[in-house]
Amino acid sequence: MLKVAIIIGSTRPGRIGEAVAKWVHDLAAKRHDAHYELIDIKDFNLPLLDEPMPPSQGKYSKAHTKAWAAAIEPCDAFVFVTPEYNHSTSGALKNAIDFLYKEWNNKAAGFVSYGSASGVRAVEHLRLIMAELQIADVRAQVMLSLFTDFENYSSFKPAPHHEATVGAMLDQVVAWGGAMKTLRAR
Ligand SMILES: Cc1cc2nc3c(=O)[nH]c(=O)nc-3n(C[C@H](O)[C@H](O)[C@H](O)COP(=O)(O)O)c2cc1C
């Protein structure tokens, strides 16, 4: 069965990303087309990239890099749950992505974003990053507004129509994740 990681892309105390990612995971867990797992980059305590060799060489020297690689390597596809910080994704998520290379290659990804402009600019940046990592990123995208999907910009109350978009995004992630798995098997 396909393994899809739902990655929490913010690490700050009081983050709303955790509630968003858990909501996505709860919806995903009702499906039977893949195994969905929450991955919290906060759990890995990654410092700013401190590997002496470029990640594309795969020569990881630090225990935290090896643990992070071991979490990402078995996954076939990803759902990145990202905030928008200064019109991009979070530094924490970019740093976590930068730590690895081959563990991302020839896999698929979808996005769930949130912010005052629903995080769309964060996802546009992430799509550029996906190309370099050889990740096939799907079109369907869940965009949550701080004004209408959160009470007081903090308590998560998603509008009901987002559930259908989560479903459409996961449909595409599973389809492309499966296709990329056959590519990796070649
Ligand atoms: C450093 C920083 C920069 C931010 N920049 C933006 C921004 O450019 N656009 C936006 O819509 N929201 C911005 N925000 C607001 C965040 O979208 C909001 O605080 C959200 O709760 C952050 O996600 P998190 O709680 O999971 O960390 C910014 C927040 C922070 C902390």
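Below, the structure is looked at part by part. (Residues numbered from 1 in each chain as written. Predicted model: local features only at pLDDT ≥ 70, side-chain atom pairs only at ≥ 80, totals over all residues. Heavy atoms only, no water.)

1. Overview of the overall build of the protein
1) Next: Summing up its helical and strand segments, the protein has five helices and seven strands in all.
2) Next: In the protein, the succession of α and β elements from N to C terminus is β-α-β-α-β-α-β-α-β-β-β-α.
3) Next: Taking 186 residues into account, the globule formula puts the C-alpha radius of gyration at 16 Å, and the protein, at 16 Å, falls close to it.
4) Next: For the protein, the spread of C-alpha atoms along the three principal axes comes to 45 × 35 × 25 Å.
5) Next: A total of 186 residues make up the protein; the buried ones form 52% of that total.
6) Next: Nonlocal contacts in the protein, meaning residues at least 24 apart in sequence, comprise 78% of its contacts between residues at least 6 apart.
7) Next: Here the protein carries 20 positive and 20 negative side-chain charges, and the mean point of each set is 3 Å from the other. (Helix = DSSP H or I, 4+ residues; strand = E, 2+ residues; numbered from the N terminus. Rg over C-alpha atoms; globule rule 2.2 N^0.38 Å. Buried < 20%, exposed > 50% of the residue type's maximum accessible area, 1.4 Å probe, protein only. Contact = heavy atoms within 4.5 Å. Lys, Arg positive; Asp, Glu negative; His and termini not counted. Charge placed at Lys NZ, Arg CZ, Asp CG, Glu CD.)

2. Brief notes about the nonpolar core
1) Next: Counting residues in hydrophobic clusters, the biggest one holds 30 residues, and the most contacted among them are Val 79, Val 112, Leu 144 and Met 169.
2) Next: Broken down by secondary-structure element, the contributors of at least two residues to this core are strand S1 (3–8), helix H1 (17–29), strand S3 (77–83), strand S4 (107–115), strand S5 (135–145) and helix H5 (162–185).
3) Next: Here this core gets six residues from one element, more than from any other, and that element is H1.
4) Next: Beyond its immediate stretch of four places on either side in the chain, Val 79 contacts Val 4, Ala 5, Ile 6, Ile 7, Val 24, Gly 110, Val 112, Met 169 and Leu 170.
5) Next: Counting 29 residues, the second-largest nonpolar core is a separate cluster that includes Ile 7, Ile 39, Ile 97 and Leu 133. (Core = buried A, V, L, I, M, F, W, Y, C linked by side-chain atoms within 4.5 Å.)

3. Some remarks on the pattern of salt bridges
Opposite charge on two side chains lets them pair, provided their charged atoms get close.
1) Next: The full count for this structure, using the stated rule, is 13 salt bridges.
2) Next: Here Arg 31 ties to Asp 33 by a salt bridge, and the two come within 2.5 Å at their closest N and O atoms.
3) Next: Asp 98 is the partner of Lys 94 in a salt bridge, and the nearest nitrogen-oxygen pair spans 3.0 Å. You can see Lys 94 and its partner Asp 98 sitting in helix H3 (residues 91–98), four residues apart, about one turn around the helix.
4) Next: Under the relative-accessibility criterion, Asp 98 is labelled partly exposed at 28%.
5) Next: When salt bridges that share partners are traced, they join Arg 15, Glu 18, Lys 22 and Asp 40 into one network. (Salt bridge = Lys/Arg side-chain N within 4 Å of Asp/Glu carboxyl O.)

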